[in-house]
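Residue-level structural notes
Each chain, letter by letter, is given below.
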Amino acid sequence: MNAELIAVGTEILLGDIVNTDAQVISQGLSELGINVFYQTVVGDNPARLRHVIETARDRADIIITTGGLGPTLDDLTKETLATVFGRKMALHQPSLDRIKDFFQTIGREMTPNNEKQAWLPEGCTVFVNEWGTAPGCAFEAYGKHVIMLPGPPRECEPMWKQCAMPYLYPFAGGCIVSRNVRVFGLGESNMETILHDMMENSTNPTIAPYAKTSECFARVTAKAETPEECEKLLEPVVEKICDLLGDDVYGVDVDSLEQVMGDGLRARGMTLAVAESCTGGLLSKRITDVPGCSDYYLGGVCSYANEVKMNVLGVKKETLDTVGAVSPEVAEQMAEGVAKALGADVGVGITGVAGPGGGTEEKPVGLVYISVWCKGQHYTRKMKSTNGRDRVRMQAASTALDLIRRNIF
């Protein structure tokens, strides 16, 4: 079977919001072995919405819509789908009762237009919305399956996973399982060159390279009747990829470098402190994005001014005067200084020129020095990056995490 996704909302067309619902749903359909051939975004216009639905009806077995289930006049998804598929609308009393209870719970008066959310196509399967007010639903007509989900991601994602995916289980065409080999320190083109022969000769599983900001990954995807059969196909391929890419692989099916780094410190009972100049707290932010980071992260110092580097971190004035703030020597003194100041086992120091201004011929924009200190030993790396301030900062933070991974573990 194949599916088409239709996102309804003028705000998506205008670029005011990003359609993350489509990504979540497409990934879920892939797990079910259901192909997605088309994704469409249409504004809150009944004529254009009807045209899009009629087109999808002629070329897809499953139509999944997101958005347009709200109480306002421009929320027309249910009504338009019902018209196209010859269904009448009917009041679903349990949904209305839930909406009334919701407003009573939050202490607000329910306006009459909210009742609109409880009108659904007759005979549909209702998806109870535990995360908002608008229920979702599904029905079959003309040999097609139609699923309607709310637009807000905080409602759409859990309803998709807990209600819509189980509804689709009977129609799943086998099983698709993917493994992601995460890589840092190797560009996408270099990774593809190393894996070229494997990629050319692999049909099941398939291997596809992808690039992210300052890192890349190889997605290995297998299709079989059961998840267990998929895993058997995946295991030797993933193992061979890891062997070919070596130490540049920082994990398989892991969330991020900061997660891997944190898990490594926690497993060893070690603590971390960081001193940042050009990254301005980005490294600390990424570390603290990981739940449970208080197990190993003690804190950080954002040391832009040389006075802070000297007075708080113990960077020597003569070093700053001789080689300047952007230097391997200062990065090393920052790393050691913050570790000792906060009593951490591991210290990180980052100093550089993030841009867009401030660079010189000797020290251009994008030049960054990162140092990790542990047990009296410095591990220091020089980094040069381009393509803007944000990329320089992100790559510097990632390099610091990777230095810990490679040298402390």
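Details of the structure are given in the entry above.
Report follows, based on the coordinates. Bear in mind the structure is a predicted one, so any value in this text is a computation, not a measurement. (Residues numbered from 1 in each chain as written. Predicted model: local features only at pLDDT ≥ 70, side-chain atom pairs only at ≥ 80, totals over all residues. Heavy atoms only, no water.)

**Quick word on the sheet that holds strand 12 (residues 249-252)**
Short version of the rule: In this scheme, strands are said to pair when DSSP sees at least two bridges between them. Secondary structure counts use DSSP, requiring at least four H or I residues in a row for a helix and at least two E residues in a row for a strand, with both numbered from the N terminus. Interaxial angle, 0 to 180 degrees, is taken between N-to-C directions of lines fitted to C-alpha atoms, where a helix line uses only the stretch in contact. Residue contacts are defined here by distance: any two heavy atoms, one from each residue, within 4.5 Å place the two residues in contact.
Reading across the sheet, the four strands line up as 10-11-9-12 and stay open at both edges, with antiparallel pairing between neighbours. If you trace the sheet from one side to the other, it starts and ends with strand 10 (206-212) and strand 12, each paired once. Recorded for the sheet is a direction-independent mean angle of 25° between the axes of neighbouring strands. Sheet topology note: the strand 9 (residues 175-183)/strand 12 ladder contains three bridges and is antiparallel. If you follow arginine 182 over to strand 12, its bridge partner there is glycine 251. Across the face of the sheet, helix 7 (residues 188-201) comes into contact with strand 9, strand 10 and strand 11 (215-224) while running at roughly 180° to strand 10.

**Observations concerning the packing of helix 3 (residues 46-59) against helix 4 (residues 77-84)**
Cut-off, in case you're wondering: Every angle not falling under 35 degrees, over 145, or within 65 to 115 is termed oblique; those three ranges are roughly parallel, roughly antiparallel and roughly perpendicular. Take the far helix as your reference; a near helix turned counterclockwise from it by less than a right angle gives a left-handed crossing, and one turned clockwise gives a right-handed crossing. In the scheme used here, Gly and all other residues not listed as nonpolar or charged are polar, with Ala, Val, Leu, Ile, Met, Phe, Trp, Tyr, Cys and Pro taken as nonpolar and Asp, Glu, Lys and Arg as charged.
One can describe the packing of helix 3 onto helix 4 by two numbers: an axis separation of 10 Å at closest approach and a directional angle of 50°. In terms of their interaxial angle, helix 3 and helix 4 are classed as oblique. For the element pair helix 3 and helix 4, the recorded crossing hand is right-handed. Residues Pro46, Leu49, Arg50, Ile53, Glu54 and Arg57 of helix 3 pack against Thr77, Thr80, Leu81, Thr83 and Val84 of helix 4. In the contact of helix 3 with helix 4, the residues fall into five nonpolar, three polar and three charged.

**Brief notes about the packing of aromatic side chains**
How we decide: Here a pair means two rings of Phe, Tyr or Trp (six-membered ring of Trp) with centres within 6.5 Å. Their orientation is stacked below 30 degrees between planes, edge-to-face above 60, and tilted elsewhere. Relative accessibility decides the category of a residue: with a 1.4 Å probe and only protein chains considered, values under 20% of the type maximum give buried, values over 50% give exposed, and everything between is partly exposed. The criterion for a charge sitting over a ring is simple: Lys NZ or Arg CZ within 6 Å of the ring centre, and within 35 degrees of the ring normal.
All told, the structure shown has six aromatic pairs when counted by the stated rule. Aromatic pair phenylalanine 85 and phenylalanine 139: ring centres 5.9 Å apart, planes at 75°, arrangement edge-to-face. In this pair, phenylalanine 85 sits in the loop between helix 4 and strand 4 (89-91) while phenylalanine 139 sits in strand 7 (residues 136-141), placing the two residues 54 residues apart along the sequence. As far as burial versus exposure is concerned, phenylalanine 85 and phenylalanine 139 are alike and both buried. Taken together, a centroid distance of 5.5 Å and an interplanar angle of 85° make the contact between phenylalanine 102 and phenylalanine 103 edge-to-face. Taken together, the aromatic side chains of Phe85, Phe139 and Tyr142 make up a single cluster linked through ring pairs. Lying over the aromatic face of tyrosine 38, arginine 59 brings its terminal NZ or CZ to 3.6 Å of the ring centre. When the ring centre of tyrosine 210 is taken as origin, the NZ or CZ atom of arginine 219, which lies over that ring, is 5.2 Å away.

**Observations regarding the side chain of glutamine 259**
Relative to the helices and strands, glutamine 259 is located in helix 9 (residues 257-268). Excluding anything up to four places from it in sequence, glutamine 259 contacts Val254 and Val290.

**Considerations on the packing of helix 7 against helix 8 (residues 227-245)**
To characterise two packed helices, one gives the angle between the axes of the helices and the distance between these axes. Two numbers describe how helix 7 lies on helix 8: the axes approach to 10 Å, and their chain directions differ by 140°. Comparing the axis directions of helix 7 and helix 8 gives the class oblique. Handedness of the crossing formed by helix 7 with helix 8: right-handed. Contacts between helix 7 and helix 8 pair Met191, Ile194, Leu195 and Met198 from the former with Val237, Lys240, Ile241, Leu244 and Leu245 from the latter. In the contact of helix 7 with helix 8, the residues fall into eight nonpolar, no polar and one charged.

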